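What follows is each chain in one-letter form.
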Amino acid sequence: MPKAVRRTFVLATTPVVLAALLGATAPPSAGSPGVGDPYFPLSGNGGYDVRHYDLTLGYDPGSGHLTGKAVLTARATQRLTRFDLDLSGLKVTGLTVDHVKADHRRDGQELVVTPRRTLHKGQWFRVAVTYSGTPKPVTDPDGSLDGWIPTDDGAFVAGEPQGAMTWFPANSHPTDKASYDFTLTVPRGKTAVANGVLLGERTRDGRTTFRWRQSEPMAAYLATATVGTFRTTRYTTRDGIQVYDAVDPREAEKAAPVLKQLPSVLEWESKLFGPYPFRAAGSIVDRAPNVGYALETQSRPVYSAAPDLSTLVHESAHQWFGDSVTLTSWKDIWLNEGFAVYTEWLYSEQHGGDSAQKTFDDLYARPASDGLWAFPPGDPGSGANIFGTPVYARGAMTLHALRTAVGDPAFFRILRAWAAAHRYGHATTAQFVRLSERESGKDLDALFHTWLYTKGKPRTP
């Protein structure tokens, strides 16, 4: 997207159309090897849309060995003589399309599949992949790790932006969301935690199998299958949300007072943004010092150490902004992070802390040379910058500038309308600008151009 918001630009969200808009090309009968995301061009694949993943995994923390079977139910969005899946490092031991053995080959992170029979546009099909190996995390452009990250007692599994492919074959761009079933088997005494609702657990012959279901659509990067030695707690909130917490015993004392506040945080956020989008909630608190971050894994954020309250508020806000309403291009990540940071400001303001205005003013007082102004949040420039301070803090400042311009009634109406209009779907910055103008009755192009796309420190707050 250019630095100035184009109000007439509507970005389609189906993978095949997105590929055409963003420049990916392929023969008419072959799915493209990526959807053409400007920062991660090989992320995702063209030509089909996955509707459901059924993942059966076995993991041995001692050896680091993973065995897996992934069954993907998908629909062809074009005629397909071949298509790609994203899968990094693991050895494929079998692959079928509609129960018929299919040819396949590896090409970097791409698993290229050639079915025996051509798939026709609109046709539903099932891909079954069996695989094994020792999964290794991805090193992102900013130097951080994501994907399947080994720990001293299991694995910390967090896939933003490209790590899903380290542990299951996927159409791994956020534009392709699907429901998930997980069957996870680990040595007895270990716990395997995934997204959604726990359907059951069973121990036999020294191994325990956990079954999880994430019914609402989910982007692949938000999936988790974190394994470790955990203390677990289950309860249901008064709103009927099933909560499951898994906490490393070494982090339990510090985490306990924060996790106890999750129901009240979700209730407060629901009043601001509309109903909580999922049936399940909770937290996975691991000890993973080589990770050093938290991620809003859908319905159950994962933390590399005991979180503070602000971090809990932040990751909970992502359940609306990022998980339910998902970005269409990684360039628009401020729609995730700016919203979550501004939720922290609102929580402080409404719970006896600094006002959002004071937080904004303190940030604006930073000199023009400060890293806050290094690049505009609506145009980070590369994948190395998508987790940078401008995306988070200046993204939140953009929302405060909007709030100041339109007033509180219109601003909070905008937040609720945004969460409702794109619930379980995808969205773009251009759509947020149009919605803000419609709900406020104001022309906001100049405001968004200044705060999202202008280089350096804006001249006036």
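Residues numbered from 1 in each chain as written. Predicted model: local features only at pLDDT ≥ 70, side-chain atom pairs only at ≥ 80, totals over all residues. Heavy atoms only, no water.

**Observations concerning the nonpolar core**
Phase 1 of the analysis: Formed by 135 residues in total, the largest nonpolar core has its most connected members in Phe 83, Trp 167, Phe 168, Tyr 180, Phe 182, Leu 402 and Phe 432.
Phase 2 of the analysis: With sequence-adjacent residues up to four places away left out, Tyr 180 is seen in contact with His 52, Tyr 53, Leu 55, Phe 168, Trp 212, Arg 213, Gln 214, Met 218, Ala 219, Ala 220 and Ala 223. (Core = buried A, V, L, I, M, F, W, Y, C linked by side-chain atoms within 4.5 Å. Buried < 20%, exposed > 50% of the residue type's maximum accessible area, 1.4 Å probe, protein only. Contact = heavy atoms within 4.5 Å.)

**So, the confidence of the model for the protein**
Phase 1 of the analysis: For the protein, the average pLDDT comes to 94, and 94% of its residues sit at 70 or higher.
Phase 2 of the analysis: Counting contacts from residues 1-26, a segment whose pLDDT is below 50, to residues more than four positions away or on other chains yields 66 contacts. (pLDDT = per-residue confidence, 0-100.)

**Topic: the pattern of salt bridges**
Phase 1 of the analysis: All told, the structure shown has 14 salt bridges when counted by the stated rule.
Phase 2 of the analysis: Note that Arg 51 is salt-bridged to Asp 49, the shortest N-O span being 2.8 Å.
Phase 3 of the analysis: A residue is classified by how much of its surface remains accessible, and Asp 49, at 14% relative accessible area, is buried.
Phase 4 of the analysis: Residue Arg 413 is joined to Glu 439 by a salt bridge in which the shortest nitrogen-to-oxygen separation is 3.2 Å. Taken together, the positions of Arg 413 in helix H8 (residues 408-421) and Glu 439 in helix H9 (residues 429-440) put the pair 26 residues apart, joining distant regions of the chain.
Phase 5 of the analysis: Overall, the relative accessible area of 38% leaves Arg 413 in the partly exposed class.
Phase 6 of the analysis: Assessed through its relative accessible area of 23%, Glu 439 is described here as partly exposed. (Salt bridge = Lys/Arg side-chain N within 4 Å of Asp/Glu carboxyl O. Helix = DSSP H or I, 4+ residues; strand = E, 2+ residues; numbered from the N terminus.)

**Some points on the pairing of strand S11 (residues 155-158)**
Phase 1 of the analysis: In S11, alternate side chains face the same way, and those of Ala 155 and Val 157 on one face and Phe 156 and Ala 158 on the other are all buried.
Phase 2 of the analysis: Sheet topology note: the strand S10 (residues 145-150)/S11 ladder contains four bridges and is antiparallel. Bridge assignment links Gly 147 to a residue of S11, and that residue is Ala 158.
Phase 3 of the analysis: Hairpin connection from S10 to S11: four residues lie between these consecutive antiparallel strands. (Pairing = 2+ DSSP bridges.)

**Things to note about the layout of surface pockets**
Phase 1 of the analysis: Size it by volume and the largest pocket reaches roughly 370 Å³.
Phase 2 of the analysis: Surrounding the largest pocket, 19 residues form its lining, Tyr 293, Ala 294, Glu 315, Phe 387 and Tyr 392 being those nearest its centre.
Phase 3 of the analysis: Broken down by secondary-structure element, the contributors of at least two residues to the lining of the largest pocket are S10, strand S20 (294-295), helix H4 (309-317) and helix H5 (334-350).
Phase 4 of the analysis: Broken down by element, the lining of the largest pocket gets its largest block of residues, four residues, from H4.
Phase 5 of the analysis: Looking at the lining of the largest pocket residue by residue, the classes come out as six nonpolar, five polar and eight charged.
Phase 6 of the analysis: Listed by contribution, the elements that provide at least two residues to the lining of the second largest pocket are strand S17 (231-236), strand S18 (242-247) and helix H2 (252-259).
Phase 7 of the analysis: Taken together, the residues that form the lining of the second largest pocket break down as five nonpolar, one polar and three charged. (1 Å grid on protein atoms, 1.4 Å probe; cavity = no way out; pocket = protein on both sides within 12 Å on 5 of 7 lines; lining within 4 Å. Points joined across faces, edges and corners; volume = space filled by probe spheres on them. Nonpolar A, V, L, I, M, F, W, Y, C, P; charged D, E, K, R; others polar.)

**A look at the environment of Phe 339**
Phase 1 of the analysis: Here Phe 339 lies in helix H5.
Phase 2 of the analysis: Here the alpha-carbon distance between Phe 339 and Phe 321, two residues 18 residues apart in the chain, equals 6.6 Å.
Phase 3 of the analysis: Setting aside its immediate chain neighbours within four residues, Phe 339 contacts Phe 321, Trp 334, Leu 399, Leu 415, Trp 418 and Phe 432.

**Describing the sheet that holds strand S8 (residues 124-133)**
Phase 1 of the analysis: The strand order across the open sheet built from eight strands is S5-S4-S8-S2-S1-S12-S15-S14, with neighbouring strands paired in mixed fashion. Only two strands of the sheet have a single neighbouring strand rather than two, namely strand S5 (100-101) and strand S14 (197-204).
Phase 2 of the analysis: Of the strand pairs in this sheet, strand S2 (residues 65-76) and S8 are connected by 10 bridges, and their pairing is antiparallel. Residue pairing across strands places Leu 72 opposite Val 127, the latter belonging to S8.

**Let's talk about the side chain of His 318**
Phase 1 of the analysis: Tracing the backbone through its elements, the reader meets His 318 in the loop between H4 and strand S22 (326-327).
Phase 2 of the analysis: With near-sequence residues (within four places) excluded, His 318 lies in contact with Glu 296, Asp 323, Asn 336, Glu 337 and Ala 340.

**Quick notes on the packing of H5 against H8**
Packed helices, taken two at a time, are described by the angle their axes make and the gap between the axes.
Phase 1 of the analysis: Interaxial distance between H5 and H8 falls to 14 Å at its minimum, and their mutual angle equals 135 degrees. Overall, the two elements H5 and H8 adopt an arrangement that is oblique. Relative to H8, the crossing made by H5 is left-handed. Two secondary-structure elements touch here, H5 through Leu 335, Phe 339, Tyr 342 and Leu 346 and H8 through Phe 411, Phe 412, Leu 415 and Trp 418.
Phase 2 of the analysis: Of the residues contributing to the contact of H5 with H8, the split by class is eight nonpolar, no polar and no charged. (Axes fitted to C-alpha atoms, helices over the stretch in contact; angles between N-to-C directions. Parallel < 35°, antiparallel > 145°, perpendicular 65-115°, else oblique. Left-handed = near helix turned anticlockwise from the far one by under 90°.)

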